[in-house]
Amino acid sequence: MENSSTNSRFRSSLFNHADDEDQDKEYVGFATLPNQVHRKSVKKGFDFTLMVAGESGLGKSTLVNSLFLTDLYKDRKLLNAEERITQTVEITKHTVDIEEKGVKLKLTIVDTPGFGDAVNNTECWKSVADYIDQQFEQYFRDESGLNRKNIQDNRVHCCLYFISPFGHGLRPLDVEFMKALHEKVNIVPVLAKADTLTPSEVKKKKFKIREEIEQYGIKIYQFPDCDSDEDEEFKQQDQELKDSIPFAVIGSNTVVEAKGRRVRGRLYPWGIVEVENSAHCDFVKLRNMLVRTHMQDLKDVTRETHYENYRAHCIQSMTRMVVKERNRNKLTRESGTDFPIPTGPGLADTETEKLIREKDEEVRHRAEHGHGHDHQHGHDLNNEHVHEHNHGHDHEHEHGHEQHQDPHVEHEAHSEHHPPYPEGS
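Residues numbered from 1 in each chain as written. Predicted model: local features only at pLDDT ≥ 70, side-chain atom pairs only at ≥ 80, totals over all residues. Heavy atoms only, no water.

- The name recorded for the chain in an unreviewed UniProt entry is Septin, from Clupea harengus.
- In its Sequence similarities (unreviewed entry) section, the UniProt entry covering the chain states "Belongs to the TRAFAC class TrmE-Era-EngA-EngB-Septin-like GTPase superfamily. Septin GTPase family."
- Per UniProt, the chain carries the Subcellular location (unreviewed entry) text "Cytoplasm". (UniProt positions renumbered as here; feature names shortened; annotations may be inferred.)

Written out as structure tokens, the structure is:
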């Protein structure tokens, strides 16, 4: 009895092993590719560059610290009103390495102190646009170089533009800034200091800003459409994000106690505004969009759209310059006129090349007309006047005495066999 049970267990294990072998034969293994990419990406780490722009005093620094739970502005010096009048727009970078559950993120915050603070703000966005172009140019140079292994990517992936809560929608400066940059970077508009507005005012202001963005043809960052196979919950979250533009945010780095809970927020005499409460502001939606759901898409749009546009423009400009230079060189060679063409490799030898081409034509011409004509053409190179006199005489001599084969004439022909180039050429 014991032997029979042992045999049955052995047979069943054999059958299971056979089934596993059949499954292994059908399983190739490329289903593990996402795991390989994940492992490699986590090992390499991620980078993200975020630009914040807007007037001073709208809570940019506070919001950035709140978003990433860091203190990037420890040594910041606040300017008084008189100093801000003469201040020009600067570009400052803060880089911090953040690690969460084994995933490393190199975060770069690009700040624009002085933007919109002067009495005359004409083209104050130019230095910001120049900075974005410089990062594209640097990446283009690195990408076109010989060593492309460790290229540093400092391209700006997203720009949070802070709109003042005071006023009736967008100001001229807001419109000009966004129109100057909307084809260079992903712009995400943010309604700053939303705790200064009532919920109904926030709703009206959002509607007005969205209306003006469409009216002035400003291209802000567009959230990608959901795939048809996505679940309904994700589709609803995506629609809520689209409806939240511009994000009404409140920033706070202080922890306050509310109903026995410790929360990040602001304490007022009439109550507490919680930063991470969706009923109070859009801070959580903005953070989820930037970090959890759309960070990779922001990077992809930067690479595939904004950088590709810059790269295509550069290549077109370079091609036009090369074609123009070639046409000028060709025109110079054909007409013989002297254009102020910059000296390049090979341009100094133009006259030498011209002489060589002339000699090649002469050799070809002689080869086409045979040895007898070569003999006369050699005379032509040595003495043009003698050629006219001797041409008829030589033909008479050749036709009149061709039967005699005079050794003296043969000797003379041999002695007159000149090299193809005259001396001194």
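### Section: the sheet that holds strand E4 (residues 158–163)
Link 1 in the chain: Reading across the sheet, the 6 strands line up as E2-E3-E1-E4-E5-E6 and stay open at both edges, with mixed pairing between neighbours. A strand with exactly one partner marks an edge of an open sheet, and here the two such strands are strand E2 (92–100) and strand E6 (247–248). (Pairing = 2+ DSSP bridges. Helix = DSSP H or I, 4+ residues; strand = E, 2+ residues; numbered from the N terminus.)

### Side note on the packing of aromatic side chains
Link 1 in the chain: Scanning the model with the defined rule gives 6 aromatic pairs in all.
Link 2 in the chain: Ring centres 5.6 Å apart and planes at 35° place the aromatic pair Phe136 and Tyr310 in the tilted group. Within this pair, whereas Phe136 is found in helix H5 (residues 126–144), its partner Tyr310 is found in helix H10 (residues 295–335), the two being separated by 174 residues in sequence. Exposure class is identical for Phe136 and Tyr310. Each is buried.
Link 3 in the chain: Each ring, one from Tyr161 and one from Phe177, has its centre 4.7 Å from the other, and the planes form 20°; the classification is stacked. Taken together, the residues Tyr161 in strand E4 and Phe177 in helix H6 (residues 172–181) connect sequence positions 16 residues apart. Residue Tyr161 shares its accessibility class with Phe177, and that shared class is buried.
Link 4 in the chain: Pairwise contacts between aromatic rings join Phe136, Tyr139, Tyr307 and Tyr310 into one cluster. (Phe/Tyr/Trp six-rings, centres within 6.5 Å; stacked < 30°, edge-to-face > 60°. Buried < 20%, exposed > 50% of the residue type's maximum accessible area, 1.4 Å probe, protein only.)

### A few points about the side chain of His294
Link 1 in the chain: Residue position: His294 is located in the loop between helix H9 (283–293) and H10.
Link 2 in the chain: Residue His294 is classed as buried on the basis of its relative accessible area of 5%.
Link 3 in the chain: Of note is the side chain of His294, whose polar atom sits 2.7 Å from the side chain of Thr293.
Link 4 in the chain: Ignoring any residue separated from it by four or fewer positions in sequence, one finds His294 in contact with Tyr221, Phe223, Pro224, Asp238, Leu241, Asn288 and Met289. (Polar contact = N/O pair within 3.5 Å; in protein donor to acceptor, adjacent residues only side chain to side chain. Contact = heavy atoms within 4.5 Å.)

### A short note on the nonpolar core
Link 1 in the chain: One finds Phe48, Leu160, Phe177, Phe247, Leu286, Met289 and Leu290 to be the most contacted residues of the largest nonpolar core, which totals 73 residues.
Link 2 in the chain: No other element matches H5, which puts 7 residues into this core.
Link 3 in the chain: Residues contacting Leu160, with those up to four places away along its chain left out, are Leu50, Met51, Val52, Ala53, Leu63, Leu67, Val188, Val190, Leu286 and Leu290. (Core = buried A, V, L, I, M, F, W, Y, C linked by side-chain atoms within 4.5 Å.)

### Remarks on the sheet that holds strand E7 (residues 255–258)
Link 1 in the chain: Spatial ordering of the open sheet is given by E7-E8-E9, a layout of 3 strands whose pairing is antiparallel. Only two strands of the sheet have a single neighbouring strand rather than two, namely E7 and strand E9 (271–274). Averaged over all pairs of adjacent strands, the angle between strand axes in this sheet comes to 75°, irrespective of strand direction.
Link 2 in the chain: Taken together, the 4 bridges between E7 and strand E8 (residues 261–268) define a ladder with antiparallel strand orientation. Bridging from a neighbouring strand, Glu257 pairs with Arg262 of E8. (Axes fitted to C-alpha atoms, helices over the stretch in contact; angles between N-to-C directions.)

### Description of a nonpolar patch on the surface
Link 1 in the chain: Taken together, the side chains of Val28, Phe30 and Leu33 present a nonpolar region at the surface, about 350 Å² in accessible area.
Link 2 in the chain: Counting through the fold element by element, Phe30 comes out in the loop between helix H1 (2–26) and helix H2 (33–44). (Patch = residues over 30% accessible without salt bridge, like charges linked within 9 Å, V, L, I, M, F, W, Y side chains within 5 Å. Areas by Shrake-Rupley, 256 points an atom, 1.4 Å probe, with all protein chains shown as cover. Salt bridge = Lys/Arg side-chain N within 4 Å of Asp/Glu carboxyl O.)

### Considerations on the side chain of Asp174
Link 1 in the chain: Looking at the secondary structure, you find Asp174 in helix H6.
Link 2 in the chain: Among residues more than four places away in sequence, those in contact with Asp174 are Tyr161 and Ile163.

### Notes on the UniProt feature "site: Important for dimerization" (unreviewed entry) in the chain
Link 1 in the chain: Within this structure's numbering, the places UniProt gives as "site: Important for dimerization" (unreviewed entry) are Phe166.
Link 2 in the chain: Note on placement: Phe166 falls in the loop between E4 and H6.
Link 3 in the chain: Each residue touching Phe166, except ones within four places of it in the same chain, is listed here: Thr196 and Lys205.

### As for unusual backbone geometry
When glycine is set aside, most residues are seen to have a negative phi, and most peptide bonds are trans.
Link 1 in the chain: A cis amide bond, omega -10°, links Ile245 with the succeeding residue Pro246.
Link 2 in the chain: Note that Pro246 resides in the loop between helix H8 (232–243) and E6.
Link 3 in the chain: Backbone geometry at Lys101 places phi at a positive 55°, although glycine is not the residue there.
Link 4 in the chain: When you line up the elements, Lys101 lands in the loop between E2 and strand E3 (103–111).
Link 5 in the chain: A relative accessible area of 85% places Lys101 in the exposed class.

### A word on the pairing of E8
Link 1 in the chain: Between the antiparallel neighbours E7 and E8 lie 2 residues, among them Lys259 with a positive phi of about 55°.
Link 2 in the chain: What sits between the antiparallel neighbours E8 and E9 is a turn of 2 residues.

### Here we look at the environment of Ile218
Link 1 in the chain: Its location among the elements puts Ile218 in the loop between helix H7 (199–215) and H8.
Link 2 in the chain: Ile218 sits in the buried class, given a relative accessible area of 7%.
Link 3 in the chain: Sequence separation between Ile218 and Lys179 is 39 residues; the distance between their C-alpha atoms is 5.7 Å.
Link 4 in the chain: Apart from the residues within four sequence positions on either side, Ile218 is in contact with Val175, Met178, Lys179, His182 and Ile213.

### Section: the pairing of strand E1 (residues 46–53)
Link 1 in the chain: Most of E1 is tucked away: 6 of the 8 residues are buried.
Link 2 in the chain: Two strands pair when backbone bridges link them, and E1 and E3 are joined in this way by 7 bridges, in the parallel orientation. By the bridge assignment, Phe48 is partnered in E3 with Leu107.
Link 3 in the chain: In this sheet, E4 lies alongside E1 in parallel orientation, the contact comprising 4 bridges. Counterpart to Ala53 in the pairing with E4 is Tyr161.

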